[in-house]
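A closer look at the structure
So you can see what is in the structure, the chains are spelled out below.
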Amino acid sequence: MIRTVEPSPHVSAPVLAAYSYCEAVTGQQARNFAYGIRLLPTPKRRAMSALYAFSRRVDDIGDGALAADVKSARLESTRALLARVREGEVDEDDTDPVAVALADTARAFPVPLGGLDELIDGVLMDVRGETYETWDDLKVYCRCVAGAIGRLSLGVFGTEPGARGAERAPEYADTLGLALQLTNILRDVREDAAGGRTYLPADDLAKFGCSTGFDGPTPPEGSDFAGLVHFEVRRARTLFAEGYRLLPLLDRRSGACVAAMAGIYRRLLDRIERDPGAVLRGRVSLPGREKAYVAVRGLSGLDARHVSRQTVRRHT
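Residues numbered from 1 in each chain as written. Predicted model: local features only at pLDDT ≥ 70, side-chain atom pairs only at ≥ 80, totals over all residues. Heavy atoms only, no water.

Time to look at the overall build of the protein chain. From N to C terminus, the protein chain includes 15 helices and 0 strands. Every one of the 316 residues in the protein chain was classed for burial, and the buried ones make up 51%. Carbon and sulfur atoms form 51% of the exposed surface of the protein chain, whose accessible area is close to 14400 Å². (Helix = DSSP H or I, 4+ residues; strand = E, 2+ residues; numbered from the N terminus. Buried < 20%, exposed > 50% of the residue type's maximum accessible area, 1.4 Å probe, protein only. Areas by Shrake-Rupley, 256 points an atom, 1.4 Å probe, with all protein chains shown as cover.)

This part covers the packing of helix α7 (residues 135–157) against helix α8 (residues 169–187). Remark: α7 packs on α8, axes separated minimally by 7 Å, with the N-to-C direction vectors making an angle of 120°. Here α7 is positioned oblique relative to α8, judged by the angle of their axes. Handedness of the α7/α8 crossing: right-handed. When the residues that make up the contact of α7 with α8 are grouped by side-chain class, the tally is 14 nonpolar, 4 polar and 4 charged. (Axes fitted to C-alpha atoms, helices over the stretch in contact; angles between N-to-C directions. Parallel < 35°, antiparallel > 145°, perpendicular 65-115°, else oblique. Left-handed = near helix turned anticlockwise from the far one by under 90°. Nonpolar A, V, L, I, M, F, W, Y, C, P; charged D, E, K, R; others polar.)

On to the packing of α8 against helix α11 (residues 225–243). Axis separation between α8 and α11 bottoms out at 8 Å; the angle between their running directions is 155°. When the axes of α8 and α11 are compared, the pair comes out roughly antiparallel. Seen along the crossing, α8 lies across α11 with a hand that is left-handed. Packed against α8, whose contacting residues are Glu-171, Tyr-172, Thr-175, Leu-176, Leu-178, Ala-179, Leu-180, Leu-182, Thr-183 and Leu-186, the element α11 presents Glu-232, Val-233, Arg-235, Ala-236, Leu-239, Phe-240, Glu-242 and Gly-243 at the interface. Considered class by class, the residues forming the contact of α8 with α11 number 11 nonpolar, 3 polar and 4 charged. (Contact = heavy atoms within 4.5 Å.)

So, on to the side chain of Thr-183. With respect to the helices and strands, the residue Thr-183 is situated in helix α8. Look past the residues within four positions of Thr-183 in its chain and what remains in contact with it is Ala-236, Phe-240, Tyr-265, Leu-268, Leu-269 and Ile-272.

Here Pro-220 is to be found in the loop between α10 (202–207) and α11. For Pro-220 and Gly-209, which are 11 residues apart along the polypeptide, the C-alpha to C-alpha distance reads 7.7 Å.

With that out of the way, let us pick up the pattern of salt bridges. Considering all chains together, one arrives at 28 salt bridges under this definition. A salt bridge links Asp-104 to Arg-107, with the nearest nitrogen and oxygen atoms 3.7 Å apart. Here Asp-104 and its partner Arg-107 are both found in helix α5 (residues 97–108), 3 residues apart, which amounts to about one turn of the helix. Two residues, Arg-281 and Asp-275, come together in a salt bridge whose shortest N-O distance is 2.4 Å. Residues joined in a network through salt bridges with shared partners are Glu-76, Arg-79, Arg-86, Asp-117 and Asp-121. (Salt bridge = Lys/Arg side-chain N within 4 Å of Asp/Glu carboxyl O.)

Geometric descriptors of this kind do not, in isolation, establish any biological role.
Structure, rendered in structure tokens:
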């Protein structure tokens, strides 16, 4: 069982300032994520912001315009910083606010920092321009860049004492991360193509006549683009169904946070399913009022109760 170790109520001024910086980064760069973590109590919200700010730094290196060798060097420097955090070598007066906040988070919560090493490994895959022949190949990448984040988040959330099946919580968190990442890949298919990246498995692209890629607002001539999207949507829904089994294992507010973030992406998936071509015409997103509804639904525990009922049925 993974249990949360609550941090001391006293947080020094330098550490508070570091967390404030991380929360500002989160609010500016990740609105869906920020929407979910606002449901958490303050210590957990700060910790999640620290994890996000470090992850954002890694992603920004990978997405930047620098040469591949420079990106690789900067990613390894970031890995060295992570090692300093892991070894307890970052003091609260360090000049890097993300390192200060992450170090405090690592002291306060049982966060598996190796997940951030996995994230760096995943971004290095991007830097090398790797492509993926099969879904099993793509899963390796998704587990690095998203499954690991799910497991890191679980270190902050913890599981409810006595929760049945809590030993499988890391597995569910990892799977939910895969579901979110596959949804991201579908949403960003044209944007990624413009940047020279293709994430969808090559064998899936070939099956639906999409091997030539996505360089415009219309599908490749003669392709079954809608069939491709619906195929990947079904795969993502299967992952969501398994990953949602995490919800009943969490406390109410942590479960609400996960339900809100995952719920936003599930609704994005619904929109993509209804209009597959939308991902080639622009960025698919949800209006604020719909995000608010998802948050309220999560906070009410409706999603967690639904998953609990389904789990009980499977065992009866």
